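Residues per chain, in single letters:
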Amino acid sequence: MSDGRVVVATGAARGIGRATAVAFARAGYRVAGADIAALASSAMDYEPATAEDLAQTGRLVEEAGAEWLPVVFDQRDKAAVRDGFAAVADRFGGVDVVFANAGVQGFASLLEMSDELWQDQIDINLTGTANVLRVAAPLLVERGGGRIIVTSSTQGQHGTLDGAGYSASKWGLIGLMKSAALDLGQYGITVNAVIPGLIDTKLTRHGDRYAQIIRTGGNEPTGDVEKDERTAADAERKKLPLGVSWVEPEDVAPLVVFLASEEARMVSGTSFAVTGGDSANITA
């Protein structure tokens, strides 16, 4: 158990962020859940998280017996991130763990990619996460140590058809994580990355993502979203050694909680994957 340590989880309104916030609550943490809770980019083809989504995460955290603080900010805005973390420190007295998880994903060939699609993925996923780490790290130093976990992706370990912006941002996060581990280790702060595979969330369950999976297999989508979903699901089931189409957010959360634990105190500067076995297709 955490004995009331404080965690800040970004992207907490739903998906991996929500599942992990609840897992931290069950492990005895006080939980601050941060999210933009609004449209982050009009270039993305899925519905954005809402204030009600974030409130629902809060209800689940409190049902698990933990204290909860919702924090709303756009992580591209470093001043807003600073204000958000100040609110957490004011409420809970400090910060012990940061799960920098928020991100967006869109698809287009480099030949067709809009400036907005490229820039928003880099600005939100990479620069935004760096803003979170740059604001949070001094708070962890003040605390005498702590844990930082960032969410990268399998697409941060290989190229992605129609996904250069996302892959670039998630590869960048691995470099950020490793560099932060070198910078912050002297202060008793560990920094690691989780590598989710294709997770059952709003970010992956939409037509553009199904089309991308189908094109990766050398075929063309039909444009019928339900039919393309079935085709994509079947392709993923055949690809993954564990025979699933999507990994559940709740399968990622325990790994994050472990990396935040005292048992993981000598683990830093590395990545851990939850991919349904897809990791076997990636070098090292």
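Further up the page is the structure itself.
Residues numbered from 1 in each chain as written. Predicted model: local features only at pLDDT ≥ 70, side-chain atom pairs only at ≥ 80, totals over all residues. Heavy atoms only, no water.

Moving on, we come to the overall build of the chain. Helix and strand counts for the chain come out as 8 helices and 7 strands. The C-alpha radius of gyration computed for the chain amounts to 18 Å, which stays within 12% of the reference 19 Å derived for 284 residues, consistent with globular compactness. Viewed in the frame of its principal axes, the chain has a C-alpha envelope of about 55 × 35 × 35 Å. Across the 284 residues that make up the chain, the buried fraction comes to 54%. Sequence-distant contacts, at least 24 apart, represent 73% of the contacts inside the chain between residues at least 6 apart. As presented, the chain carries roughly 12,300 Å² of accessible surface, and 51% of it is formed by carbon and sulfur atoms. Of note, the chain has its 25 positive side-chain charges centred 4 Å away from the centre of its 37 negative side-chain charges. (Helix = DSSP H or I, 4+ residues; strand = E, 2+ residues; numbered from the N terminus. Rg over C-alpha atoms; globule rule 2.2 N^0.38 Å. Buried < 20%, exposed > 50% of the residue type's maximum accessible area, 1.4 Å probe, protein only. Contact = heavy atoms within 4.5 Å. Areas by Shrake-Rupley, 256 points an atom, 1.4 Å probe, with all protein chains shown as cover. Lys, Arg positive; Asp, Glu negative; His and termini not counted. Charge placed at Lys NZ, Arg CZ, Asp CG, Glu CD.)

Within the element layout of this structure, G33 appears in strand β2 (residues 30-35). With near-sequence residues (within four places) excluded, G33 lies in contact with A9, A12, L54, W68, L69, P70 and V71.

Taken as a whole, this structure holds 1 cavity of 30 Å³ or more when the rule is applied. The volume enclosed by the largest cavity comes to roughly 700 Å³. Lining the largest cavity are 42 residues, with N101, A102, G103, V104 and L203 positioned closest to its centre. When contributions to the lining of the largest cavity are tallied by element, the ones reaching two or more residues are α1 (15-26), β2 and α5 (164-184). It is α1 that contributes the most residues to the lining of the largest cavity, 3 residues altogether. For the lining of the largest cavity, the residue count by class is 19 nonpolar, 16 polar and 7 charged. (1 Å grid on protein atoms, 1.4 Å probe; cavity = no way out; pocket = protein on both sides within 12 Å on 5 of 7 lines; lining within 4 Å. Points joined across faces, edges and corners; volume = space filled by probe spheres on them. Nonpolar A, V, L, I, M, F, W, Y, C, P; charged D, E, K, R; others polar.)

So yeah, pure geometry; function would need other evidence.
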